[in-house]
Amino acid sequence: MIRAVLALLLTPVFAPVASASAPVSCGDLAAVRLPGVTIASATVIGSGCEVRGTIAPAGTLVVRLPVRGWSGRYVQTGCGGLCGSANIAYTQAANCKPIADGTVAAATTDMGHQGQNDGSWGADNPQAHIDFAYRGVHETAVAAKALIKAFYHRAARWSYFDGCSDGGREALMEAQRYPDDFDGIAAGAPASNMAVQNTFHHAWNVLANRNADGSYVLLAGRLPLVHAAVLSACDHLDGLTDGVIDDPRVCRFDPDSIVCATGQDPSACLSPAEAAVVRKLHDGATDAQGNRLEPAIAHEWGSELDWTLFVPAAQGQHVASENFALSYLRYLADPNHPNPGYQLTDLQLTVASFWRTVLPSSTYMAALDPDLSRFQRGGGKLILWHGWNDQHISPQNTLVYWDAVRAEMGGRDVDRFARLYLFPGMAHCGGGEGPNTFDVMTPLMSWVEHGTAPSAIVASNAARTRPVYPYPAVARYDGTGSTDDAANFVPFTPRNQVRNDAAWVGQRLFSGGYQTWPRAVDGRLVL
């Protein structure tokens, strides 16, 4: 009986929709005139029509339209990092049938600049800041919908947005600032707290691991040792010893527990300095008085194998976290005063420096407004998701935002239009030790089009499938069959749920009312 019920939960309700063929030719779209848009080409590619153009002043627009069999759906995709390229790529949706069979209209943008993912595109270019922050995605939706109507002589019936990382930030920005653009939004691992994420978070990843002479304390060769110790201490807490920690917040691992004893082989243990770095990397940025400069827990226990993003293999190497932080600190944190010579050592780990650094860019770059009432009133549906082992963006940011939305709107109202999924063992937008491939768009479409609220989403990797339930429920083995088969798991909501610790210096950023709509005036960003 349990397996039969679970099978129903894992099968989305998805009725077929009437399809349409284009009444005009692809080439006709080259002559379409849209305000602020220049169409460069309209070309038949395979079974579709690809339109390329520019959204003034410098945003690339790419739209793909099925010539036959259009389902009436429009799906816009986001991009990651600091964007700069326009490639339609569906995050965790490749197995979504309406996408895989080529029946959706789709579009994307580079968000107002090309290449240069180092942030230098933002130097003395205030409009590029605005386009990257929020305008580029919205204007793409407006233009793409107009092209859809011109091509099929009718509007899209349903509109969706799918993005992860910065694409997740773009997704939440749409729900907050342009709630009428999309009927359904899938926001994965959102970089919603960008001004903190790309300054103190990534800078701390580097600075916390450096000696006074600039050399590194902890090298990547030590990470498997730490990971094995974490699993030994915590893997069993969810009832299975399977290499994945279902909820890392219940893990109370102490790095000092693997500090070398007198005479112990140093290859099997950590030095006190290495253990201290492991603790700092887990806990996150603080000032000298212990005030948190980012939400508690920067990197969850269990994610250590992916810390190579910021822990180098050898001395003298530059890690990705350093590049992320410098890109933002040099060109985006203070939009009217770019500083190409800025170094990580210039960042002061103080409360005063925190606010100088993260404001004003948080007022337009961050997507943290918890009031989604306009999106809800318009019938919008939101699936928010994150991997517990994310090495780039802490899932704590998403948890704190989720708690803020529920506090702002009330849990019962939020449950009517939003779900949060946390994937055990999954790294940033995919990869990691746990099942990390899944379809988030099919359940979103089913919810929007048929009112079927999503339950379990099945994630897989080469050896295992597991259901992931809407937070705070977790999957528990039912005691029968293979532990690598999703059908043998049921939802379980812990009686004593873990409370997310939201106390940190910037906690009021997770609120509404401070967000701005800046303007570009005479080469400056005016807030």
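Cut-offs used in this document
Residues numbered from 1 in each chain as written. Predicted model: local features only at pLDDT ≥ 70, side-chain atom pairs only at ≥ 80, totals over all residues. Heavy atoms only, no water. Helix = DSSP H or I, 4+ residues; strand = E, 2+ residues; numbered from the N terminus. Rg over C-alpha atoms; globule rule 2.2 N^0.38 Å. Buried < 20%, exposed > 50% of the residue type's maximum accessible area, 1.4 Å probe, protein only. Lys, Arg positive; Asp, Glu negative; His and termini not counted. Charge placed at Lys NZ, Arg CZ, Asp CG, Glu CD. Salt bridge = Lys/Arg side-chain N within 4 Å of Asp/Glu carboxyl O. Polar contact = N/O pair within 3.5 Å; in protein donor to acceptor, adjacent residues only side chain to side chain. Contact = heavy atoms within 4.5 Å. Phe/Tyr/Trp six-rings, centres within 6.5 Å; stacked < 30°, edge-to-face > 60°. Expected span 1.5 Å × (residues − 1). Core = buried A, V, L, I, M, F, W, Y, C linked by side-chain atoms within 4.5 Å. Disulfide = S-S within 2.5 Å. Pairing = 2+ DSSP bridges. Axes fitted to C-alpha atoms, helices over the stretch in contact; angles between N-to-C directions. Parallel < 35°, antiparallel > 145°, perpendicular 65-115°, else oblique. Left-handed = near helix turned anticlockwise from the far one by under 90°. Nonpolar A, V, L, I, M, F, W, Y, C, P; charged D, E, K, R; others polar.

A. Region of interest: the overall build of the chain. Per the secondary structure count, the chain includes 14 helices and 15 strands. Its C-alpha atoms give the chain a radius of gyration of 23 Å, near enough to 24 Å, the size a compact globule of 527 residues would have. Principal-axis analysis of the C-alpha atoms gives the chain an extent of 80 × 65 × 40 Å. The buried share of the chain, taken over its 527 residues, is 57%. Computed over 38 positive and 49 negative side-chain charges, the separation of the two mean positions in the chain equals 7 Å.

B. Region of interest: the side chain of D238. If you trace the backbone, D238 turns up in the loop between helix 6 (223-234) and helix 7 (272-283). R476 is the oppositely charged side chain nearest to the buried, salt-bridge-free D238, at an N-O distance of 5.5 Å. In terms of polar contacts, D238 uses its side chain to reach the backbone amide nitrogen of D246, at 3.1 Å. When sequence neighbours within four positions are dropped, the list of residues in contact with D238 reads V244, I245, D246 and R476.

C. Seen up close, the packing of aromatic side chains. Per the stated rule, a full pass over the model turns up 18 aromatic pairs. Judged by centre distance (6.4 Å) and plane angle (20°), the ring pair of Y74 and F182 falls under stacked. Residue Y74 is found in strand 4 (residues 73-77), and its partner F182 is found in the loop between helix 4 (166-177) and strand 7 (184-188); the two are separated by 108 residues along the sequence. Classification of Y74 by relative accessible area gives buried; the value is 0%. What makes F182 buried here is its relative accessible area of 3%.

D. Seen up close, the environment of E300. In this structure, E300 sits in the loop between helix 7 and helix 8 (320-331). Given a relative accessible area of 1%, E300 falls into the buried group. Considering only alpha carbons, one finds E300 and H282, 18 residues apart in sequence, at a separation of 6.2 Å. When neighbours within four sequence positions are excluded, E300 is seen to be in contact with P248, R249, H282, W388, P395 and Q396.

E. Helix 4, seen in detail. For helix 4, spanning 12 residues, the distance from its first C-alpha to its last is 16 Å, which sits close to the expected 16 Å at 1.5 Å a residue. With 12 of its 12 residues buried, helix 4 lies for the most part within the structure.

F. Inspection of the pattern of salt bridges at higher detail. Inspection of every chain in the model, using the stated rule, returns 17 salt bridges. Ionic pairing is found between E449 and R73, a salt bridge with its closest N-O pair at 2.8 Å. Here E449, found in helix 14 (residues 441-450), pairs with R73, found in strand 4; they are 376 residues apart in sequence, far enough to count as distant. A residue is classified by how much of its surface remains accessible, and E449, at 14% relative accessible area, is buried.

G. Just the nonpolar core, in detail. Membership of the largest hydrophobic core comes to 123 residues, with the highest contact counts inside it found for L65 and F354. At 13 residues, helix 3 (residues 126-152) tops the list of elements feeding residues into this core. Sequence-distant contacts of L65, that is, excluding residues within four places in its chain, are made with L29, G48, C49, A105, L147, I148, F151 and Y152. Residues C96, I99, V104 and Y160 belong to the second largest nonpolar core, which totals 24 residues.

H. Representation of the environment of D265 within the structure. Within the fold, D265 resides in the loop between helix 6 and helix 7. Within the structure, the side chain of D265 is placed 2.8 Å from the side chain of S267, a separation counted as a polar contact.

I. Layout of the state of the cysteines. All told, the structure shown has 5 disulfides when counted by the stated rule. The disulfide partner of C164 is C429, and the gap between their sulfur atoms is 1.9 Å. The S-S bond linking C164 to C429 shows a torsion near -95°; that makes this disulfide left-handed. One end of the pair, C164, is in strand 6 (residues 158-164); the other, C429, is in the loop between strand 9 (418-423) and helix 14, with 265 residues separating them in the sequence.

J. Geometry of the environment of W388. Within the secondary structure, W388 is located in the loop between strand 8 (381-387) and helix 12 (395-409). Since its relative accessible area comes to 2%, W388 is described here as buried. Placed 148 residues apart in sequence, W388 and L240 show a C-alpha to C-alpha distance of 17 Å.

K. Examining the pairing of strand 5 (residues 105-109) more closely. For strand 5, a buried count of 5 out of 5 residues is recorded, marking the element as mostly surrounded by other parts of the structure. Of the two faces of strand 5, both are covered, the one formed by A105, A107 and T109 as well as the one formed by A106 and T108. Bridge count between strand 3 (residues 59-66) and strand 5: 4 bridges; the pairing is antiparallel. Across the sheet, V63 pairs through a bridge with A107, a residue of strand 5. In this structure, strand 4 lies alongside strand 5, joined through 3 bridges in parallel fashion. Bridge assignment links V75 to a residue of strand 5, and that residue is A106.

L. Spotlight on the packing of helix 5 (residues 194-207) against helix 9 (residues 351-358). Taken N-terminus to C-terminus, the directions of helix 5 and helix 9 make an angle of 130°; their axes are 10 Å apart at the nearest point. It follows that helix 5 is oblique to helix 9 by the angle criterion. For the pair helix 5 and helix 9, the sense of crossing is right-handed. For the pair helix 5 and helix 9, contact is made by A195, V196, T199 and F200 and by S353, F354, T357 and V358, respectively.

M. Seen up close, the packing of helix 3 against helix 4. It is at 10 Å that the axes of helix 3 and helix 4 come closest, and there the two elements cross at 70°. By the criterion of interaxial angle, the relationship of helix 3 to helix 4 is roughly perpendicular. Facing helix 3, whose interface residues are F132, A133, Y134, V137 and H138, helix 4 presents D166, R169, E170, M173, E174 and R177. Looking at the contact of helix 3 with helix 4 residue by residue, the class counts come to 5 nonpolar, 1 polar and 5 charged.

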